[in-house]
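Secondary and tertiary structure notes
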Amino acid sequence: MAYFLVRRLGSLIITLGVATVVIFAVLEIVPGDPALMMLGVNANEENLAALREQMGLHLPPTTRYWNWVSGLIVGDFGTSYTYSVPVAELIGERLWVSLPLAVLALLLSTVIAIPVGAFAAARRGRGGDAGVMGLTQLGIAIPNFWFALLLVYVFAITFRVVPAGGFPGWQAGFWTALTSLVLPAIALALPQAAILSRVTRSALLETLGEDYIRTARAKGLSRSAVLWRHALTNALIPVFTILGLQFAFLLAGTIIIENVFYLPGLGRLIFQAITQRDLIVVESVVVLLVATVIVINFIVDIAYAWVDPRLRAGSR
Amino acid sequence: MSLDGPALAPAPERENWRHFAAKAMGNRSFVIGGLITAIVAAMALGSYGWTPHDVTDLDVASRLKKPSNLFWFGTDHFGRDIFSMIMVGARNSIAVALIAVGIGVVIGVPLGTLAAARRGAVDEVLMRFNDLVFAFPALLSAVMITAIFGPGAVNAIIAIGIFNIPVFARVARGAALAIWPREFIMAAQVAGKGMIRITIEHILPNIANILLVQATIQFSLGILAEAGLSYVGLGTQPPWPSWGRMLFEAQTMMSFAPHMAIFPGLAIVITVLGLNLLGDGLRDVLDPRLRRER
């Protein structure tokens, strides 16, 4: 296990390193001078040069990359070009919207998907199974932002039970804030729940075919006891792998959903930063999300190997 | 492997085809998915010759009309016919997704088969690179690319296409690795064929089925991705109709013209559903061994 851990840790660090190089390099070739962006086209050459120096733009790219990465490690993301506040502060603020949203969506999707998948697996080949599988096909095909619009129409415009958009902030009270995250979370969770129920179902069907399940049945356990206690616990490993991956996608998915509901999260931040050419903000948000994906994959890998020793021996 | 006759001679081409057709027609997913896909494709192609109304025709007098005999799906805030816009938008969705799949196949498949053929360091480097691209959530990289190079259909294609490359590389590599140890490959090696020739003559025809199934899946994901990018304003630009953009424009009119949002969304759902069913059906028909519960 120790050897496995060290090797995976090594590859984690390399992947993170390469990812930062890629992101830095891509944003390096972006047309447009941030200093010119800040001061406007009428700025004189002297001020521009001074600002570039202040922003460190006169340094060679390698130095700037190094400064940026060493800053990231200690949590210093630099200063936003347009807001003139530390990027870490901006992100921290927005994270309090995006992160709870992603977590809520993940919870919803798990709570829906596992029983639904188990239900379908228990009725394999019968009407209930076919119905559930048909619904999940539909769920996968629905774009989450369209589903979000329909939710707004039904629950915010027609029945007026939740706000159509905006976010009052957590200081407005926990429940008030939470209600404005409910619709976005449902919209995000639906397609993920569809995928996850399919994974749960197929993982369950696989374990239900194992010998120990037959043994459990033979010793007189009821069908449902076997399904929920023996099969499901074993089937959860692939389900958790997908969950780990889905969290990353949910976090990225908030980018679009936040636009539907006018939520001041990371997604809105990145779009504002893009239109204002505030590259350091774009860079930081992208790095944060990509690093989250890489680290979650790493944790899933480790957890997997911890649960299943056979995986430690393999090359991956 | 028998000693007389060529090693694992493939069945005659026509026989194969008839067998495929018979099996395909018996597969419900394939038939329904194929039918939906054909209808969407026909609408897209048909829009070049005929649409109920002109999509560039701004008619303020008939704006925000509810669905009727004259305007089947109603009109938008500029008085444009939504049904016609969906027809023209289909072209756009199909073109973007199809070219993006093309990029994935043309770059990803050679990389994947090369990794499978060479193994060792080449394989390791390519697969690590793959992992790296996978670490960028598709949507995020698409947003970044379109943000940098400017919004538009072409950049949307590139953004979606880049994400397709590792998908096809991984699938091609996995499938090719399973073919390499087979007897007929050894026979080809003994016959003196080189790595590239074996890949082209023997590996590719044997992994084509799997790649086709993957292409269908990526095609449907591409349509969803294009809609998402256009929705946030980074995809297809006006006045060219696009399903995602139509949804964006519908958003502010939700309370009094919900039909503006309902129909383009349904178009996306039906198209994606059709392609997914087609992909599932194809997988069952082409290779029963691949059949797995998604």
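As a convention, each chain's residues are numbered from 1 in the sequence order in which they are written. All chains are assigned letters beginning at A, and all ligands numbers beginning at 1, according to the order in which they are written. Note on the predicted model: pLDDT of at least 70 is required for a residue's local features to be given, and 80 or more for side-chain atom pairs to be given and counted; whole-chain, interface and lining totals, by contrast, use all residues. As a rule here, side-chain values come from all non-hydrogen atoms in the structure, and water together with hydrogens is ignored.

1. Notes on the overall build of chain B
Heads up, the rule is: Only DSSP runs of H or I covering at least 4 residues are called helices, and only runs of E covering at least 2 are called strands; the numbering of each starts at the N terminus. Under the scheme applied here, a residue whose accessible area is under 20% of the maximum for its type counts as buried, over 50% as exposed, and between as partly exposed, the area being computed with a 1.4 Å probe on protein chains only. In what follows, a contact means two residues having at least one pair of non-hydrogen atoms within 4.5 Å. Methods summary: accessible areas were calculated by the Shrake-Rupley approach with a probe of 1.4 Å, and residue burial reflects only the protein chains presented.
Within chain B, the regular secondary structure consists of 10 helices and 0 strands. Referenced to the eigenvectors of the C-alpha coordinate spread, the extents of chain B come out at roughly 80 × 45 × 35 Å. Counting across all 294 residues of chain B, residues that qualify as buried make up 52%. For chain B, the share of sequence-separated contacts (at least 6 apart) that also reach a separation of at least 24 residues comes to 68%. Carbon together with sulfur atoms contributes 67% to the accessible area of chain B, which is approximately 13700 Å² in total.

2. With respect to the environment of glutamine 237 of chain B
All names here are of chain B. In plain terms, the rule: Two N or O atoms form a polar contact when they lie within 3.5 Å of each other; inside protein one atom must be a possible hydrogen donor and the other a possible acceptor, and for residues adjacent in sequence the pair counts only when both atoms belong to side chains.
As for its position among the elements, glutamine 237 is in the loop between helix H8 (195-231) and helix H9 (243-251). Taking the relative accessible area as the measure of exposure, glutamine 237 reaches 31% and is therefore partly exposed. Between the alpha carbons of glutamine 237 and valine 101 there is a distance of 21 Å; along the sequence they are 136 residues apart. Setting aside chain neighbours within four positions, we find glutamine 237 in contact with Pro151, Gly152 and Arg245. Of note is the side chain of glutamine 237, whose polar atom sits 2.8 Å from the backbone oxygen of glycine 235.

3. Concerning the interface of chain B and chain A
Filter applied, for reference: By buried area we mean how much accessible surface two parts lose on assembly, using a 1.4 Å probe and totalling the loss over both. Throughout this description, the term salt bridge denotes a Lys or Arg side-chain nitrogen within 4 Å of a carboxyl oxygen of Asp or Glu.
Across the contact, 39 residues belong to chain B and 45 residues belong to chain A. At the boundary of chain B with chain A, total buried surface from both sides reaches about 3800 Å², with 78% on carbon and sulfur atoms. On inspection of chain B and its partner chain A, the count reaches 0 salt bridges. Counting every contact that joins chain B to chain A gives 3 residue pairs in polar contact (both at pLDDT 80 or more). For the side of chain B that touches chain A, the secondary structure elements donating two or more residues are helix H4 (120-135), helix H5 (138-149), H8, H9 and helix H10 (259-286) of chain B. Considering each element in turn, the side of chain B that touches chain A owes the most residues, 11 residues, to H10 of chain B.

4. Considerations on unusual backbone geometry
A positive phi angle is found at tyrosine 262 of chain A, which is not glycine, with a value near 55°. Position of tyrosine 262 of chain A relative to the elements: it lies in the loop between helix H10 (223-261) and helix H11 (266-275). Here tyrosine 262 of chain A falls in the partly exposed class, since its relative accessible area comes to 43%. One non-glycine residue, arginine 119 of chain B, adopts positive backbone phi at about 55°. For arginine 119 of chain B, the location among the structural elements is in the loop between helix H3 (82-118) and H4.

5. Here's the deal with the packing of H10 of chain A against helix H12 (residues 279-307) of chain A
Residue and element names in this part refer to chain A. The following threshold applies: Axes here mean lines fitted to C-alpha atoms, for a helix over just the part in contact, with angles spanning 0 to 180 degrees between N-to-C directions. Every angle not falling under 35 degrees, over 145, or within 65 to 115 is termed oblique; those three ranges are roughly parallel, roughly antiparallel and roughly perpendicular. Residues are grouped as follows: Ala, Val, Leu, Ile, Met, Phe, Trp, Tyr, Cys and Pro are nonpolar; Asp, Glu, Lys and Arg are charged; all remaining types, including Gly, are polar.
Packing of H10 against H12 brings their axes to within 10 Å, and their N-to-C directions diverge by 175°. Of the possible angle classes, the one that applies to H10 and H12 is roughly antiparallel. Contacts between H10 and H12 involve Ile237, Pro238, Thr241, Gly244, Leu245, Phe247, Ala248, Leu251 and Ile255 on the former and, on the latter, Leu289, Thr292, Val293, Ile296, Asn297, Val300, Tyr304 and Val307. Each residue belonging to the contact of H10 with H12 can be placed in one class, and the counts come to 13 nonpolar, 4 polar and no charged.

6. Here's the deal with the packing of aromatic side chains
This is how it is decided: Here is the rule: rings of Phe, Tyr and Trp (six-membered ring for Trp) pair when centre to centre is within 6.5 Å. Planes less than 30 degrees apart are stacked, more than 60 are edge-to-face, and the remainder are tilted. Only when the NZ of Lys or the CZ of Arg is both within 6 Å of the ring centre and within 35 degrees of the ring normal is a charge said to sit over the ring.
Applying the stated rule across the entire model yields 8 aromatic pairs over all chains. Feature note: the residues Phe167, Trp170, Phe174 and Trp175 of chain A constitute an aromatic cluster, connected by ring pairs. If you follow arginine 91 of chain B out to its NZ or CZ, it ends over the ring of tyrosine 48 of chain B, 3.9 Å from the centre.

7. Let's talk about the side chain of arginine 80 of chain B
Residue and element names in this part refer to chain B. Here arginine 80 lies in the loop between helix H2 (28-49) and H3. Among the residues examined, arginine 80 registers a relative accessible area of 8% and is labelled buried. Within the structure, the side chain of arginine 80 is placed 3.5 Å from the side chain of glutamate 249, a separation counted as a polar contact. When neighbours within four sequence positions are excluded, arginine 80 is seen to be in contact with Val55, Asp57, Leu58, Gly74, Thr75, Met85, Pro239 and Glu249.

8. Section: the domain arrangement of chain A
What counts here: An automatic or database domain assignment provides the domain bounds reported here.
Along its sequence, chain A is carved into domain 1 (2-73) and domain 2 (87-275). On a C-alpha basis, the centroid separation for the pair domain 1 of chain A and domain 2 of chain A is 35 Å.

9. A closer look at the pattern of salt bridges
All names here are of chain B. Summed over the entire model, instances satisfying the criterion amount to 9 salt bridges over all chains. For arginine 173, the salt bridge identified is with aspartate 123, shortest N-O distance 2.7 Å. Placement of the pair is arginine 173 in helix H6 (residues 153-179) and aspartate 123 in helix H4, with a sequence separation of 50 residues. Sharing partners across several salt bridges, the network here consists of Arg80, Arg245 and Glu249.

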